[in-house]
Structure formats: structure tokens, C-alpha cells
Amino acid sequence: MSDVQSKLWGGRFQEPTDAFVERFTASVTFDRRLYRQDIAGSVAHATMLCKVGVLSQGERDAIVDGLGQVREEIENGDFDWSVSREDVHMNIEARLTEIIGVTGKKLHTGRSRNDQVATDIRLWLRDEIDGLDAELQRLAEGLLTQAEAHADTIMPGFTHLQTAQPVTFGHHLLAYFEMLLRDRERLADCRRRVNVLPLGAAALAGTTFPLDRHFTAELLGFDAVAENSLDAVSDRDFAIELAAWASLTMIHLSRLSEELVLWSSAQFGFIDLPDRFCTGSSIMPQKKNPDVPELVRGKSGRVVGHLNSLLMLMKSQPLAYNKDNQEDKEPLFDLVDTLRDCLKAYADMMPALVANKDVMRAAAIRGYATATDLADYLVRRELPFRDAHEAVGQAVAHAVAAGCDLAELSLATLQGFSPVIEADVFDVLTPEGSVAARDHFGGTAPAQVRAAVVRGRQRLNAGG
Ligand code: ARG
């Protein structure tokens, strides 16, 4: 197949392509994944060419029927993908011509692979974005369900990974819900710029045929037509934006992963991950490893790597299309596949997560998490905050030395640190009292968490 005549562009060449160069420059091994979009784009292009009088109705119909047969062959596994035909576009076009004869050669009128490939990727990515958004939504729903179930569950809140103040587990999970909701907004925003039609830009300068690009856009469901032909064939901003979205989403998932890994350890013991999301060790019989969160955490590095690849791919590229751009596909495909898998794993796992409430509550108490509540109590009894801070610090030191919690100190002992303390102090020393007191918009009080879940459901549905 590597003789000069077999190439769709072979006319000006005197010798066949070097066998290695043929493989080196080919993209069909990976871009064949775009076959459906390539065919849909060609059907729309041929239909538009017919509308503007460049193709007859008979020619258009023959092309559309032939492409239908190509599609069937591909889906039945009967298609003979050939590296010497370089990419998905020329493989399909060459096969079309084999099937329908000379009319197949008219399909490429007023078109180039440069605007064709840009169209294919955008069509593909648009569909993938919708699938990714559905998984994001499913995970966000799982977080809301767990947050509702754990609106009252006490856990230690951390700063510097040191016990800080008690929070509710529901409140903690809702922090991730907020991140994911922003990720959904960013994805929807990215989709607006993906859904723009490049076709009609041809190689770079437009074409001499009277194309109706708005009609093509309508046929393919694009919201807009690319304004500038040079930009249309060379713009990969949309891929970089998607990669930036994917990176940030993975960073969020990796933070959650880190917490799940810590929390499921014997040292924390806050949660149990269901067995079906874990694996064992081949040597240590007692092990139950949190592989899913660990892998998601690890894959975040791979995704951020792809963002860097795409940015560096575009750096210093002169206008307009350059073959460099063929390198956009593998990172982009892998990004999308990785995100879909990670979001699916988390969306499946989230509702099944089991919280060990007693362990969480005990950890909050062990860490003197209500010390700030005691200081606030003293402030309400007219002590300046700095003095209150000092008095409570001494009380904590005393409790640490005595090996007990603040709430286990006697009233008389507590009064030794500040005479304004009375018996009602014990209300604020419980973690339940502490979280209930943070009862304002965005706070950790169970009532606030429940209200946030209700708002969360509305916001999630409004974004869908
Ligand atoms: N396989 C190419 C790509 O992925 C298609 C466009 C090729 N255009 C060209 N003029 N060689 O970018």
C-alpha cells in the first residue's frame, strides 16, 4: 500500500513514503476513535454542499449511504484500518470511494483535514463533557445524601491536621460538594467554547466554494460558527481548558482521597470503605487497602501532566495548523477516560461509605476541640478575648496533665482558671453544644447543614 498512487495526496510525490515515516506520522492507531464524529461531520458537510449547489442530490445521497455502510463496517469490526492511509479521515474517505466510486472523491470539496479534525474533536468532546457532567452530578448527589445522613455526626475539624474545633461530618462533606459544584460550572462554561464549528475554514484561509457554514453548524448542533478561519484550524484552547478543568477536579478528588485514606486507617478509624472498593495484600493477611482513593490520588498527577503537555504543545506554534496538533489527541483522550473512571468510582463509592460515629466523636473530645467554645463563653461574661484565651490555655494544660477532657474537670477546678465560670459552662464543653452554637449561614450546626443540603439539591438541579 505504500506506493505513491495509493496516497490521497500522492500527486506531487516522486517516491513512496519511508516505511518508518509512514508509521511515525500516522495517527490512525488512536484517532480512529473519532470515526463516528468524522462520519457525522462528513454527512453534514455533504448535505450543506448539496444545499448550496456544489453537489447534486444524487451525489449527496450516495455519499451519505456510503458513509452509513462505512460506519456499519467499523462497528461490525469489518473495517480494514490502514496505517498507510494515515488517519481516521483518509481511511474513511478512501473506503467511501471504494464503495461508491468516483462520487466519493467529491466529499472533500471545500474542506481540509485541518478543519475536519478540529470539528471531529469538538463533536467528540461535547458528548464526553455531557457524560462527565452526569458523573459529577451523581457524585455530588452522593455527597448530599451522606451529608444529610450525617448532619448531626460529630467529628474533629482540623487545621494543620491538628484537632481544631468540632464540626459535623455532614458539614465536612458539603465542603467537597461546593468544590464539585464549581467544577460543574467550569465544565459547562468550557462546553460553550467547545461547541463552535470550525468546518468551512478549510486548510486555513477559507474556500472558494459558497459554503453555508451556519447551515452545517445547525445540522451538527453547534451553537456558533468560528469567526476566523486561521483561528478555527489552529485553536486548541478548548482542549487546554478541558485539561485545566480536569486537573482542578482531580485535585479536589485527590484531597478527598487523602482524607479517605487517612480516615480508613486503624489510627483514625473514622470510616469503613466497603470491601468491594478495597483490595488485600498478597503477604499481610490483615490488610484491607483503600486502593480506589489511592489510585484516584495518583491519577491526579497524570492528569495535571496532560495539562502541561497540551500547554507546551501550543507554546510558540505559529499560525495556522501545524502537524504538532496531532499530538493533542492522546492526552485529551486519556484525560477524559481518566476523569470518567475516577468520577464513576467515587460516585459509586460515596453512598456506601460508613462513618464510625463513636470513634469520630471520641476523637473530637480527645483533641480539646471545645477549647474555643470555653473562651467564647468567658468573653460572653465580659472577659477580653486575649485573657479568655490565656485562661483556657491554662485549663487545657491542666487537663492534659490530668489526662482528662475539659468537660471532666470539676466546676471548682474550672473556676480556678476564671471566677466568672458557672455550672452552665458544661453546656458549651460538649461537642454537640459546640456545633449547635455555630448556627449561621455556612456554619456547621446540624440545622445549617440540613438547610445547606436542601439548597444544595436546588442548586444541583438548576445546574443540570
Ligand atoms: N491527523 C491529523 C491531526 O490529527 C489530521 C490533520 C492533518 N492535516 C494535515 N495537513 N496534515 O491533526
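Quick note: structure is the one above.
On a predicted model such as this, the values are computed, not experimentally measured, just so you know. (Residues numbered from 1 in each chain as written. Predicted model: local features only at pLDDT ≥ 70, side-chain atom pairs only at ≥ 80, totals over all residues. Heavy atoms only, no water.)

Trainee: Would you mind going over helix H15 (residues 385-402) with me for this structure?
Mentor: The periodicity of an α-helix, 3.6 residues per turn, causes residues three or four positions apart to be oriented the same way. Its 18 residues place the ends of H15 25 Å apart at the C-alpha level, agreeing with the 26 Å of an ideal helix rising 1.5 Å per residue. Buried positions along H15 lie against helix H14 (371-380) and helix H16 (411-417). Count one or two residues on from H15 and you reach Gly403, which has phi positive near 70°. (Helix = DSSP H or I, 4+ residues; strand = E, 2+ residues; numbered from the N terminus. Expected span 1.5 Å × (residues − 1). Contact = heavy atoms within 4.5 Å.)

Trainee: Sorry if this is basic, but what is going on with the pairing of strand S2 (residues 162-168) here?
Mentor: Note on strand geometry: in a regular strand, side chains alternate between the two faces of the sheet. Note that strand S1 (residues 154-159) and S2 share six bridges and pair antiparallel. Counterpart to Pro156 in the pairing with S2 is Pro166. (Pairing = 2+ DSSP bridges.)

Trainee: What is the right way to read the site of the ligand from this model?
Mentor: As a matter of local geometry, the ligand sits amid Ser27, Asp31, Asp87, His89, Arg113, Asn114, Val117, Tyr321, Gln326 and Lys329. In the model, a nitrogen atom of the ligand is placed 3.4 Å from a nitrogen or oxygen of the Arg113 side chain. Lys329 is positioned with one of its side-chain polar atoms (N or O) 2.6 Å from an oxygen atom of the ligand. About the coverage of the ligand: the protein hides 86% of its 340 Å² of free accessible area. With three residues, the top contributor of residues to the shell around the ligand is helix H6 (residues 113-149). (Near = heavy atom within 4 Å. Polar contact = N/O pair within 3.5 Å; in protein donor to acceptor, adjacent residues only side chain to side chain. Areas by Shrake-Rupley, 256 points an atom, 1.4 Å probe, with all protein chains shown as cover.)

Trainee: Even after reading the chapter, I still don't get the pattern of salt bridges, so can you show me in this structure?
Mentor: Oppositely charged side chains can pair when the atoms bearing their charge come close. Counted by the stated rule, this structure contains 35 salt bridges. Of the charged contacts in the structure, one is a salt bridge between Asp337 and Arg340, with a shortest N-O distance of 3.3 Å. One end of the pair, Asp337, and the other, Arg340, are both in helix H12 (residues 329-349), three residues apart, so they sit about a helical turn from each other. Residue Asp337 is classed as partly exposed on the basis of its relative accessible area of 23%. (Salt bridge = Lys/Arg side-chain N within 4 Å of Asp/Glu carboxyl O. Buried < 20%, exposed > 50% of the residue type's maximum accessible area, 1.4 Å probe, protein only.)

Trainee: How should I be thinking about unusual backbone geometry in this particular structure?
Mentor: In most cases, non-glycine residues show a negative phi, while peptide bonds are predominantly trans. Cis geometry is adopted by the peptide bond preceding Ala320, which originates at Leu319 and carries an omega value of 0°. With respect to the secondary-structure elements, Ala320 resides in the loop between helix H11 (291-314) and H12. For Glu382, which is not glycine, the phi dihedral falls at a positive 75°. Take Glu382: it is sitting in the loop between H14 and H15. Overall, Glu382 belongs to the exposed group, its relative accessible area being 70%.

Trainee: Looking at this model, I keep getting lost on a nonpolar patch on the surface. Mind explaining?
Mentor: Nonpolar side chains collect at one region of the surface, where Phe20, Val21 and Phe24 lie side by side and expose about 330 Å² of accessible area between them. A residue is classified by how much of its surface remains accessible, and Val21, at 35% relative accessible area, is partly exposed. (Patch = residues over 30% accessible without salt bridge, like charges linked within 9 Å, V, L, I, M, F, W, Y side chains within 5 Å.)

Trainee: Please clarify how the packing of aromatic side chains should be interpreted in this entry.
Mentor: Each aromatic ring pair is specified by the distance between its two centres and by the angle formed by the two planes. Considering all chains together, one arrives at seven aromatic pairs under this definition. Centroid distance Phe79 to Trp81: 4.5 Å. Interplanar angle 55°. Geometry classified as tilted. Take Phe79 and Trp81: they sit in the same class, and that class is buried. Summarising the aromatic geometry, the rings of Phe268 and Phe270 are spaced 5.2 Å apart at their centres and angled 80° between planes, so their arrangement reads as edge-to-face. The exposure class assigned to Phe270 is buried, which follows from its relative accessible area of 2%. Here a set of aromatic residues connected by ring pairs shows up, and it is made of Phe158, Phe268 and Phe270. Here the guanidinium or amino end of Arg33 rests over the ring plane of Phe333, the centre of that ring lying 4.9 Å away. In this structure, Lys51 packs its charged tip against the face of Phe215, placed 4.7 Å from the ring centre. (Phe/Tyr/Trp six-rings, centres within 6.5 Å; stacked < 30°, edge-to-face > 60°. Lys NZ or Arg CZ within 6 Å of the ring centre and 35° of its normal.)

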